Amino acid sequence: PRTRVPAASIPPPPTPRRASTHSIDPMGELSQAASLRGHRGGVNCLAGEGDTLVSGGEDGTVRLWDLGAQRTARAMVAPGAQAVNALAVGRGGCEHFVFGAAGRDVFAYDLRAPGVLMREPAVPS
């Protein structure tokens, strides 16, 4: 038999959290430059190169940010929707590549195309 769950017992979805970007002035003072809303949970890592800023979160997403509009330009789900632990952005003409780690998996995105470009699952020890 099916059991009905009272609506009052279903928790609401979490409120999107903000990732903050900061700047350091010439005197070495740190100040908040922007607050970016998007991840549903904590932000674990940030990476950037040139005009590219990406963040990885507990919600298993990698977000590419449009800093001018202060919004998500693209959200990508990490393999297995695992929390994203680390990110890096390509350099020297390869800024369109984003590399990340979630759990024990390493993955890559080409920001010019949809989907995961490469996924390297952890090798059992």
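Details of the structure are given in the entry above.
The sections below set out a description of the structure shown in this document.

The rules we used
- Residues numbered from 1 in each chain as written.
- Predicted model: local features only at pLDDT ≥ 70, side-chain atom pairs only at ≥ 80, totals over all residues.
- Heavy atoms only, no water.
- Pairing = 2+ DSSP bridges.
- Helix = DSSP H or I, 4+ residues; strand = E, 2+ residues; numbered from the N terminus.
- Axes fitted to C-alpha atoms, helices over the stretch in contact; angles between N-to-C directions.
- Buried < 20%, exposed > 50% of the residue type's maximum accessible area, 1.4 Å probe, protein only.

## Section: the pairing of strand 3 (residues 43-49)
Stage number 1. Bridge count between strand 3 and strand 4 (residues 52-57): six bridges; the pairing is antiparallel. The residue bridging Val43 from the neighbouring strand is Gly57, located in strand 4.
Stage number 2. Linking two consecutive strands that pair antiparallel, namely strand 3 and strand 4, is a turn of two residues; a positive phi of about 60° is found at Gly50 within it.

## Observations concerning the sheet that holds strand 6 (residues 71-77)
Stage number 1. One open sheet accounts for four strands, arranged 3-4-5-6; its pairing is antiparallel. Edge positions in the sheet fall to strand 3 and strand 6, since each has one partner strand and no second. Going across the sheet, the axis of each strand differs from the next one's by a mean of 25°, ignoring polarity.

## Focus: unusual backbone geometry
Stage number 1. The backbone of Gln70 sits at a positive phi, close to 55°, despite the residue not being glycine.
Stage number 2. Within the fold, Gln70 resides in the loop between strand 5 (61-66) and strand 6.
Stage number 3. On the basis of relative accessible area, Gln70 is assigned to the partly exposed category, the value being 39%.
Stage number 4. In this structure, Ala81 takes a positive phi of about 50° despite not being glycine.
Stage number 5. You can see Ala81 is positioned in the loop between strand 6 and strand 7 (84-89).
Stage number 6. Using a relative accessible area of 45% as the deciding quantity, one classes Ala81 as partly exposed.

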